[in-house]
Amino acid sequence: MKFFIDTANLKEIQEANDLGILDGVTTNPSLMAKEGITGKQNILDHYVAICNIVDGPVSAEVISTDYAGMVLEGEHLASLHKNIVVKIPMIPEGIKAIKYFSEKGIETNCTLVFSAGQALLAAKAGATYISPFLGRLDDISTNGLDLIAQIRLIYDNYAFNTQILAASIRHPMHIINCAEIGSDVMTGPLSAIKALAKHPLTDLGLQQFLADHAKGNS
Ligand code: E4P
C-alpha cells in the first residue's frame, strides 16, 4: 500500500519524507488555508515547494466547478511539475473533466467520493485515483471501511486500473483496516502514520536491552 500524507504543512511533509516511507502528498483548499497559504500565486508556489520535497504524486485541487474552468485550471496545475495530479471533485462536470485529462494522459484524483456509484463513474471516466472519505462517513455514523471494501470488489470485478486512495484517515487502525481490505493508497495525517510505529512492549524491550548493555559494559 502506498502512503501519502494529507497536509500542506511543509515541516510535516519533510518529516514524513525523511522517514523514507512516503510515496506522495494530498492537499485540499482547506489544508492550504490552514497553513495560511492564500492568493493564486502563493498557492501555486506552495505546490511546487511540496513537489521539491517529495518525489511522488502531489494532488493539487481545482477550484472551478464547471468543465471549462476545471480543464483550464487543471492544465495549468499539471504544467507546474511532472508529479502534479489534478484533483477534481465528484460532480458531473468533474466526471467530464476527468475523462478529458485521462485522454490527455494527465493524472487525476477524483475527490469527495462517498458512494460506490460515484467510484464506478470516476473509474469509467479514467480517474487515476479516487478518494473515498472514510473518516467523514464514520463521522455521520456510516461505516467508511465498508465503502472501501465495496469499491475494491467492484474494481476487481472489472479490472479497473483506478487506484483506491483511502482519504479522511483519522487514526492508525484506519490505515491497518484499509491495508487488510486492499486499498491501493492511503492518505492521512503524520500523527496516524507515526502512531503505526508505537508499541509499549517495543519501548520497554528497548529500555531493558540498553540497561542490560550498560550493566555489562560499565
Ligand atoms: C483527501 O484528499 C482530503 O484532503 C482529506 O483526506 C480530507 O480529510 P478530512 O476529512 O480529515 O478533512
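Remember, predicted model here, so these are calculated numbers, not experimental data. (Residues numbered from 1 in each chain as written. Predicted model: local features only at pLDDT ≥ 70, side-chain atom pairs only at ≥ 80, totals over all residues. Heavy atoms only, no water.)

> Explanation requested: the sheet that holds strand E6 (residues 129-132) in the structure shown.
The strands making up a sheet are joined through hydrogen bonds of the backbone, oriented either antiparallel or parallel. The eight strands lie next to each other as E1-E2-E3-E4-E5-E6-E7-E8, forming a closed barrel whose pairing is parallel. Direction aside, neighbouring strands of the sheet carry axes that sit 30° apart on average. Sheet strands touched by helix H4 (residues 67-80): strand E3 (58-61) and strand E4 (84-89). Its angle to E4, the strand with the most contacts, is close to 155°. Relative to E4, helix H5 (residues 92-104) is tilted by about 155°, and along the sheet it contacts E4 and strand E5 (108-113). (Pairing = 2+ DSSP bridges. Helix = DSSP H or I, 4+ residues; strand = E, 2+ residues; numbered from the N terminus. Axes fitted to C-alpha atoms, helices over the stretch in contact; angles between N-to-C directions. Contact = heavy atoms within 4.5 Å.)

> Honestly, the packing of helix H3 (residues 40-53) against H4 in this entry has me stumped. Any pointers?
Between two packed helices, what matters for the description is the angle formed by their axes and the separation of those axes. Packing of H3 against H4 leaves a shortest axis separation of 10 Å and a crossing angle of 40°. In terms of axis orientation, H3 runs oblique to H4. At the point where H3 passes H4, the crossing takes the right-handed sense. Between H3 and H4, the contacting residues are Leu44, Tyr47 and Val48 on the first element and His76, Leu77 and Leu80 on the second. Among the residues making up the contact of H3 with H4, the classes are represented as five nonpolar, one polar and no charged. (Parallel < 35°, antiparallel > 145°, perpendicular 65-115°, else oblique. Left-handed = near helix turned anticlockwise from the far one by under 90°. Nonpolar A, V, L, I, M, F, W, Y, C, P; charged D, E, K, R; others polar.)

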